[in-house]
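Each chain is listed here by its residues.
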Amino acid sequence: MMDAVTVALLVIAALVFPGLLFLFVLSMLTEWWERKIVARAQARMGPSYVGPVGVLQPFADFIKLLSVKEEIRQKFATPGVAKAFAFAAIGALSATLLMLPLSPVRLAASYDIIVLSYICCVWVPFAVAVMGMSFPNPFTGAGVSRFLTLYAVCEPAFFAAILVPVALTTNVVGTPLPYSVLFTAQYSWKLWLNPATAVVMIIALGAAAVATQAKAMAHPFNIPEAEQELIAGHMTEFSGQILALNNLIHDADIAVSALLITYFFLGGPYPFPHLSVPGVILMIVKYVAVVTVVSIIKASFGRFRIEQGVAVLVKYSLIPAVIALLAAMFLSAYPVLAAGA
Amino acid sequence: MGEQSKYLPECPEMGEVVRKLTEEYGGHVIFSRESEVYVEVPRHELRDVAKYLYSSGAFLKTCAAVDERPLNRSFALYHIFGMDSKGYDVIVKVSAPEDDAWVPSIVDVVPAADWCELEARDMVGIELKGRRLVRRLVLPEDWPEDIHPLRKEVPHDFRPPSVKAESEFRPPERGIPIGPYHPVLHEPEYFELLVEGETVVDVYYRGFHVHRGIEKLGESPRFTYQKIPFLAERICGICGFVHSTCAIMAMEKAAGLRPPERAEFIRTIVLELERIHSHLLWVGVAAHVLGYDAGFMHTWRVREPVMILSELITGSRKTYGLNLVGGVRRDIDKNKMEKIMKTLDRVEKEFKELANLLVSVPQIRRRAQGTGVLTRSEARALSVVGPVARASGLYRDVRKDYPYLAYEEASFKVPLYTEGDNLARVLVRVEEVFESISIIRQLLDKLPGGPIMHEKCSAIIPVDELIPPGKYAVAAIEAPRGEDVHFLMTGEGRPYRWRVRAPTYQNIPALRPMLRGDPLADAPLTIASIDPCFSCTDRALVIDVRTGRARTIKLWDGGVGTCRL
């Protein structure tokens, strides 16, 4: 049984740091950075007016959509369902952060990577698809169908890729609990010190990066929301609060994916502790680097057709991820190989 | 036959065609000029004449219906055939008495006549005999049946009451709608793509939302010959100078006056400047349609200095307000020449880098290659024009086929591709930008001295007495989107009939074969690849693109029949 202090801490962690509030602020800042980078690549200025260098623009957009803009409902819409699923997705993404070493209350259990993939890789896309279908229309129909097609490939690829450091940390480095998110994040940096595991990690990192691009629905994978074909795809009918929530889910999904890559592949703040100056700087640099790469790729590509997008995902994400996972399983079965190398 | 002998020595082949039309088909020459001949044929011979001309290498430029009842109690339809390879036009006239107003349809022998025939029916009320599918093209569905706006008794400001409720004509809404307002379309029109999975099976198209009755307005007492160029410029928001120049060329032909050489050079320079900014605009839009927004932003950045040049030369950011009958209003001096040269150097350098990058981006290549294919034979049958024709292996360019203004003074290449896909259309336009830059440089080098206005004309002298009534003229210009044709029949102080055929009018029917079986994702690119300009075109049409599993399509029950092109 948990005592009162633990419960209070858990509530604070879930609602303030690193939960809802932190995720919200991080998502908005991530959006701002992405918009700035993309604008720079396109010879534009990007957000400039709200706050210093426009840093508060995403907050202003969110508040405007939430409190000022009208929510337009069409005849067949069920906005209640859309909102319920939007909250579920935001909740799922916030809960993910409690499993990372970032949190003061660290939740860890054996094999909790399955919980992470369930709430992160299943709930979020499912919620977004349901939100789209809550406003039936030819564009949302086509958009959701493309969205599900894309996610059917990119989520397994992403999950397979992050399973690589999890398996390797458990079996090669050795962790107190097997297949745990928390301990993977804490010890995965050691995998880069070992040439055998480092090679596998590079392959998995590449696969995860491509999958993240698709999860973010950034170019060249912005196929579901293809403006020129489907207006805004699954988001066509969103307006007001639902659009605000949808944008938040989109940004939060990028933020969480970038955090997972930062911890699982890039080693987070380690070997420095979280609450040290170099640790914080290292963490921020790595996170910003991941978001910058996503933004630069976004700015330098056109859009794939759906079948081209799926083919590229299979070729550069799913297959390398599976190969890396098989190699990781092999190294796990014979850790002596890794130790010898 | 006496009139025939006037041009026979100059163009023997033209004499051959005229001899055939007069001797075998019972026609007679009503008017002729150096590169135009007007032959009236009996209406029962029209189909044979059309078949003969189309099979002997002519393209159909358009047809123009005229209400000639005040003159001779009949309606007339002028089919303008262009002998591109020979450089002259044969205009075939058929008359229909007012109490028996029909002409035979030639759409089965000349597919390119589809739209202009329907327009003649809508606007002048000439019935089409032998045509399987007759539907409204230009007029809205709620327009009264018996009112034809281009008949002389209809006032130019007439507004009929709506006779049917709008809602009756809603399209079926079974597919993916594109328009009337859509991120890809910068003007209002409506496409509906019927898809099976991600493949386009059928396409509905409904345009004509922005018809402004400009042809009617040009015949109205509000306009005189010297004001019409300013009205003509308003036909298009991008290539307005093309329309004013083309209208003026027709009027100058009718008046028999030639503007000073310097004015012709300046007009040519502005026409090419317009082509550069129009193509740059399009390349940006094409990148945007492919989701490559960085390409879009950078192309428009490169384009901006060209717009500033337009302002330098014409006095307005767009290339407007420069043209008058008999010359141009503003000169190009030494200072301007230097600035033009400098800007062109910069645009050429920057666009070269950008174009190399654009066509090597794998997403663009992969999506543009092999999509939206228009074969050469389809392009020929539909008489498509401009970059669309040149990308499908048709060597058609008014600047070469019917040299006008100062084009004979410049040497330039006409880019030609045979693939007929979206990539070919991109490449044709990219190459044309560099050719246009080279043309402007050559013309600036050779710019002759002298006045910029004909001695008999000025902005304040009415030119009405210079242009006698009862004359005909056809003028054509290679606009950025292709051949632009103006047909003029002069009246008292203003045109009796002024017919404008913008390039997009000729190219939209080609979307049917282009879109057939293509992926949905590429449909917007294919639509954009003809560089559609809807304010120029203002047309309505149903395209039925069928695959093996085709369906019969009923559109707007009651008003328009089942349509299949």
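Position labels on residues start from 1 in each chain and follow its written sequence. As a convention, the first chain written is A and the first ligand written is 1, with the rest following in written order. At least 70 in pLDDT is required for a residue's local features to be given in this predicted model, at least 80 for side-chain atom pairs to be given and counted, and no such filter applies to totals for whole chains, interfaces and linings, which use all residues.

Regarding the overall build of chain B
Logical step 1: Secondary structure elements are taken from DSSP: a helix is a run of H or I of four residues or more, a strand is a run of E of two residues or more, and numbering for both begins at the N terminus. Along chain B, the regular secondary structure elements total 20 helices and 15 strands.
Logical step 2: Compactness check: chain B gives a C-alpha radius of gyration of 23 Å against a globular reference of 24 Å for 565 residues, within 12% of the reference.
Logical step 3: C-alpha extents for chain B along the principal axes are approximately 65 × 65 × 45 Å.
Logical step 4: Put plainly, a residue is buried at 20 or more neighbouring C-beta atoms within 10 Å of its own, exposed at 12 or fewer, and partly exposed in between, counting only other residues' C-beta atoms, which are placed from the backbone. Per-residue burial for chain B yields a buried fraction of 54% across its 565 residues.
Logical step 5: We call two residues in contact when their backbone-placed C-beta atoms lie within 7 Å. Counting contacts in chain B only where the partners sit at least 6 residues apart, residues at least 24 apart contribute 67% of the total. For a compact globule the rule gives 2.2 Å times the number of residues to the power 0.38, and the radius of gyration it is set against comes from C-alpha atoms.

Some details on the overall build of chain A
Logical step 1: Summing up its helical and strand segments, chain A has 13 helices and zero strands in all.
Logical step 2: Its helices and strands in sequence order give chain A the pattern α-α-α-α-α-α-α-α-α-α-α-α-α, from N to C terminus.
Logical step 3: Relative to its length of 341 residues, chain A is compact, with a C-alpha radius of gyration of 20 Å against a globular reference of 20 Å.
Logical step 4: With respect to the three principal axes, the spread of C-alpha positions in chain A is 65 × 50 × 40 Å.
Logical step 5: Relative to its full complement of 341 residues, chain A shows a buried share of 51%.
Logical step 6: Taking contacts inside chain A between residues at least 6 apart in sequence as the whole, the part at least 24 apart equals 78%.

Details of the domain arrangement of chain B
Residues and elements named next belong to chain B.
Logical step 1: Domain limits in this description derive from either an automatic procedure or a database domain assignment. Examined at the domain level, chain B breaks down into domain 1 (2–129) and domain 2 (214–501).
Logical step 2: Spacing between the C-alpha centres of domain 1 and domain 2 amounts to 27 Å.
Logical step 3: Domain 1 puts 19 residues into the contact, and the matching count from domain 2 is 17 residues.

So, the interface of chain A and chain B
Logical step 1: With 23 residues of chain A in contact, the opposing surface of chain B contributes 26 residues.
Logical step 2: Within the residue set of the side of chain A that touches chain B, elements represented by two or more residues are helix 6 (138–174), helix 9 (227–230), helix 11 (277–300) and helix 12 (306–333) of chain A.
Logical step 3: A per-element tally of the side of chain A that touches chain B places helix 9 of chain A first, with three residues.
Logical step 4: Here the side of chain A that touches chain B is built from residues that sort into eleven nonpolar, seven polar and five charged. Residues are grouped as follows: Ala, Val, Leu, Ile, Met, Phe, Trp, Tyr, Cys and Pro are nonpolar; Asp, Glu, Lys and Arg are charged; every other residue, Gly included, is polar.

A look at the sheet that holds strand 5 (residues 88–97) of chain B
Within a sheet, adjacent strands bond to each other through the backbone by hydrogen bonds, running parallel or antiparallel.
Residue and element names in this part refer to chain B.
Logical step 1: Across the sheet, five strands lie side by side as 1-2-5-4-3; this open sheet has mixed pairing. What marks the edges here is a single partner per strand, and that holds for strand 1 (28–33) and strand 3 (59–67). Going across the sheet, the axis of each strand differs from the next one's by a mean of 20 degrees, ignoring polarity.
Logical step 2: Pairing analysis gives ten bridges linking strand 4 (residues 74–83) to strand 5, with the strands arranged antiparallel. Bridge assignment links Phe-81 to a residue of strand 5, and that residue is Val-90.
Logical step 3: Helix axes are fitted only over the stretch in contact, all axes being lines through C-alpha atoms; the angle between N-to-C directions runs from 0 to 180 degrees. Seen against the sheet, helix 3 (residues 46–55) touches strand 3, strand 4 and strand 5 and runs at an angle of roughly 170 degrees to strand 5. Strand pairing is assigned whenever DSSP identifies at least 2 bridges connecting the two strands.

Let's talk about the environment of A:Leu325
Logical step 1: Residue position: A:Leu325 is located in helix 12.
Logical step 2: Residue A:Leu325 is classed as buried on the basis of its C-beta count, with 23 C-beta atoms lying within 10 Å.

Comments concerning the sheet that holds strand 13 (residues 472–479) of chain B
Residues and elements named next belong to chain B.
Logical step 1: As summarised here, the arrangement of the three strands in space is 13-14-15, forming an open sheet in which the pairing is antiparallel. The two strands at the open ends of the sheet, each matched to only one other strand, are strand 13 and strand 15 (495–501). Each adjacent strand pair in this sheet contributes to an overall mean axis angle of 15 degrees, direction not counted.
Logical step 2: Where strand 13 and strand 14 (residues 482–490) come together, eight bridges link them in antiparallel fashion. The residue of strand 14 that forms the bridge with Glu-478 is Glu-483.
Logical step 3: Its contacts with the sheet put helix 8 (residues 240–255) on strand 13, strand 14 and strand 15, and the angle it makes with strand 13 is roughly 150 degrees.

A word on the environment of A:Ile297
Residues and elements named next belong to chain A.
Logical step 1: Among the structural elements, Ile-297 can be located in helix 11.
Logical step 2: Residues Ile-297 and Pro-220 lie 77 residues apart in sequence; the distance between their C-alpha atoms is 7.9 Å.
Logical step 3: The residues touching Ile-297, leaving out its near neighbours within four places in the chain, are Gln-213 and Ala-218.

Comments concerning helix 6 of chain A
All names here are of chain A.
Logical step 1: Multiplying 1.5 Å by the residue count of a helix minus one yields the expected span of that helix. Under the 1.5 Å per step criterion, the end-to-end length of helix 6 is 52 Å for 37 residues, consistent within 8% with the ideal 54 Å.
Logical step 2: Here the bend at each residue means the angle between axes fitted to two seven-residue stretches, the one ending at that residue and the one beginning there. The largest bend along helix 6 measures about 30 degrees and falls at Tyr-151.
Logical step 3: In terms of burial, helix 6 is largely enclosed, as 26 of its 37 residues are buried.

Re helix 10 (residues 293–314) of chain B
Logical step 1: Helix length check: helix 10 of chain B (22 residues) gives 31 Å between terminal C-alpha atoms against 32 Å at 1.5 Å per residue, within 8%.
Logical step 2: Along helix 10 of chain B, the sharpest change in direction is near 30 degrees and occurs at B:Arg303; proline B:Pro305 comes one to four residues later.
Logical step 3: If you check which residues of helix 10 of chain B are buried, you get B:Asp293, B:Ala294, B:Gly295, B:His298, B:Thr299, B:Val302, B:Arg303, B:Val306, B:Leu309, B:Ser310, B:Ile313 and B:Thr314.
Logical step 4: Elements that come into contact with the buried residues of helix 10 of chain B comprise helix 2 (20–41) and helix 11 of chain A together with helix 9 (261–289) and helix 11 (334–360) of chain B.

Concerning unusual backbone geometry
Logical step 1: Here the bond from A:His219 into A:Pro220 is cis, since omega is 0 degrees, no more than 30 degrees from zero.
Logical step 2: Look at the link from A:Tyr270 to A:Pro271: it is a cis peptide, with omega at 10 degrees.
Logical step 3: By secondary structure assignment, the location of A:Pro271 is in the loop between helix 10 (240–264) and helix 11.
Logical step 4: At B:Leu405, a position not held by glycine, the phi torsion is positive, near 45 degrees.
Logical step 5: Residue position: B:Leu405 is located in the loop between helix 15 (398–401) and helix 16 (422–446).
Logical step 6: Its 21 C-beta neighbours within 10 Å are what place B:Leu405 among the buried residues.

Considerations on the environment of B:Glu145
All names here are of chain B.
Logical step 1: Mapped onto the elements of the fold, Glu-145 is located in the loop between strand 7 (127–129) and strand 8 (176–178).
Logical step 2: A residue is classified by how many C-beta atoms lie within 10 Å of it, and Glu-145, with 9 of them, is exposed.
Logical step 3: Measuring from C-alpha to C-alpha, the distance between Glu-145 and Ala-294 comes to 50 Å, with 149 residues separating the pair along the chain.

Focus on the confidence of the model for chain B
All names here are of chain B.
Logical step 1: pLDDT gives the predictor's per-residue confidence on a scale running from 0 to 100. On average, residues of chain B score 83 in pLDDT, and 90% of them reach the 70 mark or higher.
Logical step 2: A low-confidence stretch, residues 1–10 (pLDDT under 50), is modelled with eleven contacts involving residues beyond four sequence positions or located in other chains.
Logical step 3: This model gives residues 538–565 a pLDDT under 50, and the stretch forms 71 contacts once residues within four places in sequence are excluded.
Logical step 4: Here the predicted complex scores 0.84 on pTM and 0.82 on ipTM.

What about the packing of helix 4 (residues 79–98) of chain A against helix 10 of chain A?
When two helices pack together, their arrangement is given by the angle between the helix axes and the distance between those axes.
Residue and element names in this part refer to chain A.
Logical step 1: Between helix 4 and helix 10, whose axes approach to 10 Å, the crossing angle comes to 25 degrees. With respect to each other, helix 4 and helix 10 are oriented roughly parallel. As for the relative orientation of helix 4 and helix 10, their crossing is left-handed in sense. Along its contact with helix 4, which presents Pro-79, Ala-82, Lys-83, Ala-86, Ala-89, Ile-90, Leu-93 and Thr-96, the element helix 10 presents Ile-242, Leu-245, Asn-246, Leu-248, Ile-249, Ala-252, Asp-253 and Val-256. Working definition: roughly parallel below 35 degrees, roughly antiparallel above 145 degrees, roughly perpendicular at 65 to 115 degrees, and oblique for all remaining angles. By convention the crossing between two helices is left-handed if the near helix lies anticlockwise of the far one by an angle smaller than a right angle, and right-handed if it lies clockwise.

Some points on the pairing of strand 14 of chain B
Residues and elements named next belong to chain B.
Logical step 1: For strand 14, the tally of buried residues reaches nine of nine residues, placing the bulk of the element in the interior.
Logical step 2: Sheet analysis places strand 14 next to strand 15, joined by six bridges and oriented antiparallel. Bridging from a neighbouring strand, Phe-487 pairs with Arg-499 of strand 15.
Logical step 3: Between strand 14 and the antiparallel strand that follows it, strand 15, lie four residues; Gly-493 among them carries a positive phi value of about 80 degrees.

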